[in-house]
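Each chain is listed here by its residues.
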Amino acid sequence: MAESTKAELYRKLPSVDELTRQAQLLSLAAAEGQVAVTSAARTVLARLREQIATGTLDEHTLGLAISGLPDAVERQLRRSLQYSLRAVINATGVILHTNLGRAPLSANVFEHIRSAAEGYSNLEFDLETGARGKRDVHVDRLFRQLFSAGLGGPDQGGEISTIVVNNNAAAVLLALNTLAEGGEVIVSRGELVEIGGSFRIPDVMAKSGAILREVGTTNRTRITDYERAIGEKTRSLLRVHRSNFQITGFTEQPSLQELVSLARARNLPLIEDLGSGALFDLRSLGISGEPGVIDSVASGVDVVTYSGDKLLGGPQAGLLTGKRDLIARIRANPLFRALRVDKLAYAALEATLLAYVKRDHDAIPIVRMMRINADEVRKRAASLIESVNGSGLRLEMVAGESVVGGGAAPSAVLPTFVIAMTSEQFSADELAARLRTSKTPIIARVEDGRVLLDLRTVFPEQDTVIASALANIAHN
Ligand SMILES: *Cc1c(COP(=O)(O)O)cnc(C)c1O
């Protein structure tokens, strides 16, 4: 389109002033405020100018766009007043889905957050003495109870303490900075992993001021490799959970016990970045090879780091559990002050840990989801299929696998049944898009031209929401 024609089109656009004086927008301003309406009008007009510039609007379509301006401004305003962070239904079957907010919190956790946050609290106040207190106490006492039970006696639990920072990436950074700044940390080449969200062990180590000393090869590292690398500058040994990837075939890795013995013999702290850090015995669900926090502490690891919102099932946080003197040094690092968490996180963690102490595992949503058996999922899926039957969608029950996710081993899967959905009218991608744009967005997996819905990660009260969304899609 010639520049002169475009100039004419621009001239046809009303000014912000003219537009907002239209009756519909005057009454909108009375309800929502003039500032909000003016801002929405600016956004909409800017969009039209851009469409003229790119040639998507010509003299024919512009007239229509101009007559629709008041409605467009109203829609824009409504959208801008909506929350961007919204609740969704996770029908992917990935229990700890990083993109969907990892661990959901239960109602009792939520109640505790509310009681601690809506008014004042004793976050750093000792109610007995009336003196200043430390925020750490609220969760450390519960961790001690859990560990003393798990370690077979209160004495051992007493030697162990736990502190909280913003996330596990921060926990690793803080541990390395405190225990190894300026010195070397020995890590196996097979553990120099990248976790989602650009967390790379070598990069975090560089930022901590510790020097990475790689030993072994990608697939095989022996205890003698660590032994030979220990020298004057060594400050610590580090073991990292490989999280989202696996090395199979011709592989070798020293046992945790061997690393503990070597660290003890050379008087070096052994740090283990567990990543997920389960407080719940996954072996009871048939998931093996996923080390728990208590296993690591019991094996004699000096400092264990793990996330609060992965297998622990609580809020985003990074936990450092370990020998009391080392944790005290880490606590005294000025970086701790920069990485500490707020009262909401303490409240959420305290309520989550209390469920573990009471052995009320079903009170923790992700643990409950892991414990549901495939037959229960099948029954719910069957009644959902039944309830939308007769619509234009083809729904079939198929055996499948739910994924634990959240940095647990990729092999950590649970048998399940999924609803496989196809339609004559829409492709699988179109169906998935329609589910995403439902009133409560529903997130599903697309595989081999089918949409798969796994109810393991869907809260039972959401089954009917899915059923009506499916009925809606079928009839539109
Ligand atoms: C997930 C993970 C991290 C990062 O934890 P965040 O809580 O996401 O910061 C670090 N190390 C390992 C091994 C992990 O699995």
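A short tour of the structure in this document, coming up. Here the residue index of a chain counts from 1 through its sequence in written order. In keeping with the model being predicted, local features are shown solely for residues with a pLDDT of at least 70 and side-chain atom pairs are shown and tallied solely at 80 or more, while totals for entire chains, interfaces and linings include all residues. By convention in this description, side-chain values take in all heavy atoms of the structure and omit both hydrogens and water.

## Concerning the packing of aromatic side chains
For step 1, the next point in the chain: Only Phe, Tyr and Trp rings take part, Trp by its six-membered ring, and two of them pair if their centres are within 6.5 Å. Stacked means planes under 30 degrees apart, edge-to-face means over 60, and tilted covers everything else. Overall, the coordinates contain one aromatic pair when judged by the stated rule.
For step 2, the next point in the chain: Seen from their ring centres, Phe 143 and Phe 147 are 5.8 Å apart, and the 15° between their planes marks the pair as stacked. One end of the pair, Phe 143, and the other, Phe 147, are both in helix α8 (residues 137-150), four residues apart, so they sit about a helical turn from each other. This pair shows no difference in class: Phe 143 is buried, exactly as Phe 147 is.
For step 3, the next point in the chain: Positioned above the aromatic ring of Phe 250 is the side chain of Arg 220, whose terminal nitrogen or guanidinium carbon lies 3.8 Å from the ring centre. Secondary structure elements follow DSSP: runs of H or I no shorter than four residues count as helices, runs of E no shorter than two count as strands, and numbering proceeds from the N terminus. Each residue's exposure class comes from its accessible area (1.4 Å probe, protein chains only) as a fraction of the maximum for that residue type: buried when under 20%, exposed when over 50%, partly exposed otherwise. The criterion for a charge sitting over a ring is simple: Lys NZ or Arg CZ within 6 Å of the ring centre, and within 35 degrees of the ring normal.

## Details of the sheet that holds strand β16 (residues 450-454)
For step 1, the next point in the chain: For two strands to be treated as a pair, DSSP must find no fewer than two bridges joining them. Taking strand neighbours across the sheet as the criterion, the five strands line up as β2-β12-β13-β16-β15 in an open arrangement whose pairing is mixed. In the strand order of this sheet, the two ends are held by β2 (94-96) and β15 (445-447), each with one partner. Between one strand and the next, the sheet's axes are offset by a mean angle of 35°, whatever the strand orientation.
For step 2, the next point in the chain: The pairing of strand β12 (residues 393-405) with strand β13 (residues 413-423) spans eleven bridges and is classified as antiparallel. Fitting a line to C-alpha atoms yields each axis, with helices limited to the stretch in contact; the angle taken between N-to-C directions then spans 0 to 180 degrees.

## With respect to unusual backbone geometry
For step 1, the next point in the chain: Although it is not a glycine, Arg 102 adopts a positive phi angle of roughly 50°.
For step 2, the next point in the chain: Looking at the element boundaries, Arg 102 is found in the loop between β2 and α7 (107-117).
For step 3, the next point in the chain: A positive phi angle, near 55°, is found at Arg 359, a position not held by glycine.
For step 4, the next point in the chain: If you trace the backbone, Arg 359 turns up in the loop between α17 (343-357) and α18 (365-371).
For step 5, the next point in the chain: For Arg 359, a relative accessible area of 62% corresponds to the exposed category.

## Remarks on the packing of helix α4 (residues 34-54) against helix α6 (residues 69-80)
For step 1, the next point in the chain: The N-to-C vectors of α4 and α6 enclose an angle of 115°; their axes lie 8 Å apart at closest approach. By crossing handedness, the relation of α4 to α6 is classed as right-handed. Judged by residue contacts, Ala 36, Val 37, Ala 40, Ala 41, Thr 43, Val 44, Leu 45, Arg 47 and Leu 48 of α4 engage Leu 69, Ala 72, Val 73, Gln 76, Leu 77 and Arg 79 from α6.
For step 2, the next point in the chain: Taken together, the residues of the contact of α4 with α6 sort by class into eleven nonpolar, two polar and two charged. Helix crossings are classified by the rotation of the near helix relative to the far one: an anticlockwise turn of less than a right angle makes the crossing left-handed, while a clockwise turn makes it right-handed. In what follows, a contact means two residues having at least one pair of non-hydrogen atoms within 4.5 Å. Note on residue categories: nonpolar means Ala, Val, Leu, Ile, Met, Phe, Trp, Tyr, Cys or Pro, charged means Asp, Glu, Lys or Arg, and polar means any other residue, Gly included.

## Considering the sheet that holds strand β8 (residues 234-240)
For step 1, the next point in the chain: Taken in spatial order, the seven strands make up an open sheet running β3-β11-β10-β9-β8-β4-β7, and their pairing is mixed. With partners counted over all chains shown, the strands left at the sheet margins are β3 (160-165) and β7 (211-215), one partner each. Taking the axes of each pair of neighbouring strands and ignoring which way they run, one obtains an average angle of 25° across the sheet.
For step 2, the next point in the chain: Strand direction decides the pairing type here: strand β4 (residues 184-188) and β8, joined by three bridges, are parallel. Residue pairing across strands places Glu 184 opposite Thr 234, the latter belonging to β8.
For step 3, the next point in the chain: Lying on the sheet, helix α10 (residues 168-180) is in contact with β3, β4, β8, β9 (270-275), β10 (303-307) and β11 (318-323); it crosses β10 at an angle near 160°.

## A word on the pattern of salt bridges
For step 1, the next point in the chain: Think of a salt bridge as a Lys or Arg side-chain nitrogen and an Asp or Glu carboxyl oxygen that are within 4 Å of each other. For the structure on display, the rule yields 27 salt bridges.
For step 2, the next point in the chain: Where Glu 124 meets Arg 135, a salt bridge forms, and the shortest distance between an N and an O atom there is 2.7 Å. One end of the pair, Glu 124, is in the loop between α7 and α8; the other, Arg 135, is in the loop between α7 and α8, with eleven residues separating them in the sequence.
For step 3, the next point in the chain: We note a salt bridge from Glu 191 to Arg 239, for which the minimum N-O separation is 3.3 Å. Taken together, the residues span a long stretch of sequence, with Glu 191 in the loop between β4 and β5 (194-195) and Arg 239 in strand β8 at a distance of 48 residues.
For step 4, the next point in the chain: By relative accessible area, which is 0% here, Glu 191 ends up buried.

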